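Fold and geometry: a report
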Amino acid sequence: MSKQAHPKENDDNTLLLLQIELVKMQKQIISKGDRVLVIFEGRDAAGKDGSIKRIVEHLSPRETNVVALGKPSEQEIGEWYFQRYVAELPGKGHLTLFNRSWYNRAGVERVMNFCTIAEYEQFMNTVNRFESILVDSGLKIIKYYLDISKDEQALRLNDRKTDPLKQWKISPIDMVAQKKWAAYSKARNDMLLRTNHADASWTVIRANNKKLAHINIIRDLLSHFDYPQKNKKIVNIDKSIVLSWPPSSKKISTLEP
């Protein structure tokens, strides 16, 4: 994408204006008693943490929850797969953001053989119905998949090793992300094809440029809501970064930036 297309996109003031809109949006969610779940999936080092941070930075901590579940316990492994996620779903007037979600089973668990083929297929065959039940109960689900190029991922993973403020992000999974690039691509493609449905569709974000990704994710999120005094001029989504699913070209292989 050319820089001339959005000459002011890197201006921090743009992000601030969008964060003001998020506050307006949340005020409406609280007043109407809505329940909103935003799911973030994507490549390792694609920028899920940073995107979520920009969204929640100025929101009410009482009505905003960020959920990043770790490895399931032995007890949780023996439970219904969705059970530990259900416990984290938003209540009335709340906005919850999942930093990775039940789609772990369609991504890292499949690629790393942390689940059986039968468990994977059971998940893929039931997740759409599960999400539809949640939507029918009044929950609004918005799903984002953040994608980056292989070279950009390599740079970011290396940065984690050298930046003392990012040491906590390093995991054994990172060590094989590049080696298993093709396997993750196939898992992503299968997931997007099989779990995109009317009640909870996917939006793919080209996230090589972090600032533009943050700005356009917020713009897309705001586009899902009507609220008083909405600044419609600021909600101008860059369609070269935000890809509605399925793509008109049907060429999934071209997702990477």
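Before any of the text, the structure's been laid out above.
Everything numeric in this text was worked out from a predicted model, so none of it was measured. (Residues numbered from 1 in each chain as written. Predicted model: local features only at pLDDT ≥ 70, side-chain atom pairs only at ≥ 80, totals over all residues. Heavy atoms only, no water.)

Remark on secondary structure: sheet strands pair via backbone hydrogen bonds, oriented parallel or antiparallel. Ordered in space as 2-3-1-4-5-6, the six strands form an open sheet in which the pairing is mixed. Each edge of the open sheet carries a strand with a single partner, namely strand 2 (64-67) and strand 6 (242-244). This sheet shows a mean twist of 20° between the axes of neighbouring strands, independent of strand direction. Taken together, the five bridges between strand 4 (residues 139-147) and strand 5 (residues 202-206) define a ladder with parallel strand orientation. Within the sheet, the bridge partner assigned to Y144 lies in strand 5 and is T203. Across the face of the sheet, helix 10 (residues 210-223) comes into contact with strand 1 (35-42), strand 4, strand 5 and strand 6 while running at roughly 160° to strand 4. (Pairing = 2+ DSSP bridges. Helix = DSSP H or I, 4+ residues; strand = E, 2+ residues; numbered from the N terminus. Axes fitted to C-alpha atoms, helices over the stretch in contact; angles between N-to-C directions. Contact = heavy atoms within 4.5 Å.)

The next point concerns the packing of helix 2 (residues 48-56) against helix 10. The N-to-C vectors of helix 2 and helix 10 enclose an angle of 55°; their axes lie 10 Å apart at closest approach. As far as their axial angle goes, helix 10 and helix 2 are oblique. The handedness of the crossing between helix 2 and helix 10 is right-handed. Here G50, S51, R54 and I55 of helix 2 come into contact with helix 10, specifically with H214, I217, I218 and L221. Tallied by class, residues from the contact of helix 2 with helix 10 come to four nonpolar, three polar and one charged. (Parallel < 35°, antiparallel > 145°, perpendicular 65-115°, else oblique. Left-handed = near helix turned anticlockwise from the far one by under 90°. Nonpolar A, V, L, I, M, F, W, Y, C, P; charged D, E, K, R; others polar.)

This part covers the side chain of T64. Take T64: it is sitting in strand 2. Within the structure, the side chain of T64 is placed 2.6 Å from the side chain of Q26, a separation counted as a polar contact. One polar contact links the side chain of T64 to the main-chain carbonyl oxygen of S60, over a distance of 2.7 Å. With sequence-adjacent residues up to four places away left out, T64 is seen in contact with Q26, V56, L59, L95 and L97. (Polar contact = N/O pair within 3.5 Å; in protein donor to acceptor, adjacent residues only side chain to side chain.)

Here we come to unusual backbone geometry. The backbone of N113 shows a phi angle near 60°, a positive value even though the residue is not glycine. Within the secondary structure, N113 is located in the loop between helix 5 (108-111) and helix 6 (117-136). With phi around 60°, Q229 is a residue other than glycine that occupies positive phi space. In this fold, Q229 is placed in the loop between helix 10 and strand 6.

Another point: the side chain of H214. Along the polypeptide, H214 turns up in helix 10. Using a relative accessible area of 9% as the deciding quantity, one classes H214 as buried. If near-sequence neighbours (up to four positions away) are discounted, H214 is found in contact with G50, S51 and R54. (Buried < 20%, exposed > 50% of the residue type's maximum accessible area, 1.4 Å probe, protein only.)

It is worth spelling out a nonpolar patch on the surface at this point. Nonpolar side chains collect at one region of the surface, where L16, L17 and I20 lie side by side and expose about 230 Å² of accessible area between them. Within the secondary structure, L17 is located in helix 1 (residues 12-32). With a relative accessible area of 33%, L17 lands in the partly exposed category. (Patch = residues over 30% accessible without salt bridge, like charges linked within 9 Å, V, L, I, M, F, W, Y side chains within 5 Å. Areas by Shrake-Rupley, 256 points an atom, 1.4 Å probe, with all protein chains shown as cover. Salt bridge = Lys/Arg side-chain N within 4 Å of Asp/Glu carboxyl O.)

Position of I237 among the secondary structure elements: in the loop between helix 10 and strand 6. C-alpha of I237 to C-alpha of I215: the two residues are 22 residues apart in sequence and 8.7 Å apart in space. Among residues more than four places away in sequence, those in contact with I237 are N216, R219, D220, S223 and V242.

Now for the pairing of strand 5. With respect to burial, strand 5 is a largely interior element, four of its five residues being buried. Of the pairings in the sheet, the one linking strand 5 to strand 6 comprises three bridges and is antiparallel in character. Note on strand 6: the bridge partner recorded for T203 is S244.

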